[in-house]
Amino acid sequence: MTSDIKLQDGNGQIIGDKLKVGVSYAVVNDPPRRDPKAPAAMAGFQIPSRGAKMNAILMLAAGAERHPTILLLHGFPGYEGLLDVGHAIRRAGFNVLAFHYRGIWGSGGSFSFGHCIDDAEAAVTYLRDPKVAKQYRIDPARIYAVGHSMGGFVAVMLAARRSDIKAVAYVSGWDIGNVAYGWRGKPGKAVIDDFKESSLRLRGTSATKLLRELMDHAQEWRLAVVGPQLADRPILMTIGEFEKDEFPPAINYEPLRRALQGAGAKQLETRSFPTDHSYSDRRIALASAVVEWLQRVAGVAP
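In this text, all values refer to a predicted model and were calculated from it rather than measured experimentally. (Residues numbered from 1 in each chain as written. Predicted model: local features only at pLDDT ≥ 70, side-chain atom pairs only at ≥ 80, totals over all residues. Heavy atoms only, no water.)

Draft legend 1. Structural view of the overall build of the chain. Of regular secondary structure, the chain possesses 12 helices and 10 strands. Looking at the chain as a whole, 56% of its 302 residues qualify as buried. Of all intrachain contacts in the chain linking residues separated by at least 6 positions in sequence, the fraction that spans at least 24 positions is 73%. As displayed, the chain has an accessible area near 13,100 Å², and 52% of this comes from carbon and sulfur atoms. Across the chain, the centroid of the 38 positively charged side chains sits 5 Å from that of the 31 negatively charged ones. (Helix = DSSP H or I, 4+ residues; strand = E, 2+ residues; numbered from the N terminus. Buried < 20%, exposed > 50% of the residue type's maximum accessible area, 1.4 Å probe, protein only. Contact = heavy atoms within 4.5 Å. Areas by Shrake-Rupley, 256 points an atom, 1.4 Å probe, with all protein chains shown as cover. Lys, Arg positive; Asp, Glu negative; His and termini not counted. Charge placed at Lys NZ, Arg CZ, Asp CG, Glu CD.)

Draft legend 2. A look at the packing of helix 7 (residues 189-199) against helix 8 (residues 207-217). Running from N to C, helix 7 and helix 8 point in directions that differ by 120 degrees, and their axes come no closer than 8 Å. Between helix 7 and helix 8, the crossing angle belongs to the class labelled oblique. Two packed elements cross with a definite hand, and for helix 7 against helix 8 that hand is right-handed. Contacts between helix 7 and helix 8 involve Val191, Ile192, Phe195, Lys196 and Ser199 from the first element and Ala207, Leu210, Leu211 and Leu214 from the second. (Axes fitted to C-alpha atoms, helices over the stretch in contact; angles between N-to-C directions. Parallel < 35°, antiparallel > 145°, perpendicular 65-115°, else oblique. Left-handed = near helix turned anticlockwise from the far one by under 90°.)

Draft legend 3. Looking closely at the pairing of strand 9 (residues 235-240). Of all six residues in strand 9, six are buried, a share of seventy percent or more. Summarising the sheet, strand 8 (residues 165-171) and strand 9 pair through four bridges and their orientation is parallel. When the sheet's bridge partners are listed, Val171 is paired in strand 9 with Thr238. Pairing between strand 9 and strand 10 (residues 268-273): six bridges, direction parallel. Across the sheet, residue Gly240 finds its bridge partner in strand 10, namely Phe273. (Pairing = 2+ DSSP bridges.)

This is the structure in structure tokens:
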């Protein structure tokens, strides 16, 4: 099986137009056999974060050995996650942790963008706890972050804080700091309406609070400011060609890419897909690109 995507080098130059790229085996095939002693499994639990508890699931890969583990970070408010991609990643030999930030989709506490960064850090701390790592066959030396939309922002901010995040996939990321910086303190009516609608799914906040938070932190949350701290690690950046009206690449993609390039990033890879922000009709292609990249980064055989 093959899929059409555009391949770019780390400088954003197209090196192939609609190349036929093989679909990863793990994306479209179940494991050939079950490991009776250490089978693939699913665990549900809650992760503590600043006095609250976040709902989480951990997809355990088959095999008794310690597995590299992926932190899967969803967007805002998170209607569309990457759980299908997560299952493919698990079939490829990785554990996958997915959770809901505080104040959203049943997790305790209150929601804020700053909390999301803290929550991701709490999740990494949880994974690295020796008892947790042993129980769930986690290799604490190989933890990676994969984030979509706002989750991409969280992944970059998390990795800037923690060097133990060994690689980051920024999947159509939303550079919320750069977006807010462009408002110059005056978000438009369409933005305000979007935040009002999304805030109905959140606890302990409001559209007004969230917009004020973004404007207060716009400069420090611009990914071009923090991105150079990731230049020594593998970075995958993906984008949908038809998301330019909703999530303009000039704001959400190019500043980070240029900052990484300027900082001398040697392991920066980019992918462009003919699809929308949610990869609605390129889920298999996206999963294949992420799985193939992770296998190379983590040294996991296809």
